[in-house]
Amino acid sequence: MSALLCIIAFLFGSIPWGYLIGKAKGIDLRKTGSGNIGATNVMRVIGKKQALITLLLDISKGFIPVLIFKIAITSDPVLLGMAGISAVLGHCFTPFLKFKGGKGVATSIGVLLAYMPLAGFITVFIWIITVKISKISSLGALVCFALLPLNVIIINYPKEFLVFAWLFTILIYSRHISNIKRLIKGTEPRIGENK
């Protein structure tokens, strides 16, 4: 059953909503802006309305499968965590775009909101505050996921949740290596810049 849940979650997470929204406007997001198919690049290249739609759809890719599995199939935190990671991997390595996808932040947040809701809401709050202050989307992601394992410990979730919190954090950081390098150099674009 675990393999089936992971496959379903992976395929659901693989839907490249940002890319599809871009193509509907005649734009290939992979060839413009940052080259990413996530909401930040959609906003940079197309506009705020399309970016918000992309953000919500990417969040839903993690939220919907995990919530359905949680309600209808299993409450096992390991199975749910595996399904959640699978959804994020689907987003990051979508087979519909030759296994090249987004960075996984919105989909990970969707998983967290279904998988461990309080930690998910805290993660969203930290992201919003960090981005509001810095105007840098990637910095918001790096800060809120760096603090995710600590939040899980403070909330006192069972140890299985902490293991998956670390996995989400490691995955997000591995997808943001280029952003980290630009942050160190001071060249990471702020929201609204077209670099």
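In case you missed it, the structure is sitting above this.
Residues numbered from 1 in each chain as written. Predicted model: local features only at pLDDT ≥ 70, side-chain atom pairs only at ≥ 80, totals over all residues. Heavy atoms only, no water.

(A) Structural detail: the packing of aromatic side chains. For the structure shown, the criterion picks out three aromatic pairs. Aromatic ring contacts, followed pair by pair, group Tyr115, Tyr157, Phe161 and Phe164 into a single cluster. Between Arg175 and the ring centre of Phe93, over which it is positioned, the NZ or CZ distance is 4.7 Å. (Phe/Tyr/Trp six-rings, centres within 6.5 Å; stacked < 30°, edge-to-face > 60°. Lys NZ or Arg CZ within 6 Å of the ring centre and 35° of its normal.)

(B) Examining the side chain of Glu188 more closely. Position of Glu188 relative to the elements: it lies in the segment after helix H11 (177–185). In this structure the side chain of Glu188 is engaged in a polar contact, spanning 2.6 Å, whose partner is the side chain of Ser138. Within the structure, the side chain of Glu188 is placed 2.6 Å from the side chain of Arg182, a separation counted as a polar contact. Apart from the residues within four sequence positions on either side, Glu188 is in contact with Ile136, Ser138, Asn179, Arg182 and Leu183. (Helix = DSSP H or I, 4+ residues; strand = E, 2+ residues; numbered from the N terminus. Polar contact = N/O pair within 3.5 Å; in protein donor to acceptor, adjacent residues only side chain to side chain. Contact = heavy atoms within 4.5 Å.)

(C) Quick look at the packing of helix H4 (residues 48–72) against helix H6 (residues 105–115). With their axes 7 Å apart at the nearest point, H4 and H6 run at an angle of 35° to one another. When the axes of H4 and H6 are compared, the crossing they make is right-handed. Of H6, the residues touching H4 (which contributes Leu55, Asp58, Ile59, Lys61, Gly62, Phe63, Val66, Leu67 and Lys70) are Ala106, Thr107, Gly110, Val111, Leu113, Ala114 and Tyr115. Split by residue class, the contact of H4 with H6 holds ten nonpolar, three polar and three charged. (Axes fitted to C-alpha atoms, helices over the stretch in contact; angles between N-to-C directions. Left-handed = near helix turned anticlockwise from the far one by under 90°. Nonpolar A, V, L, I, M, F, W, Y, C, P; charged D, E, K, R; others polar.)

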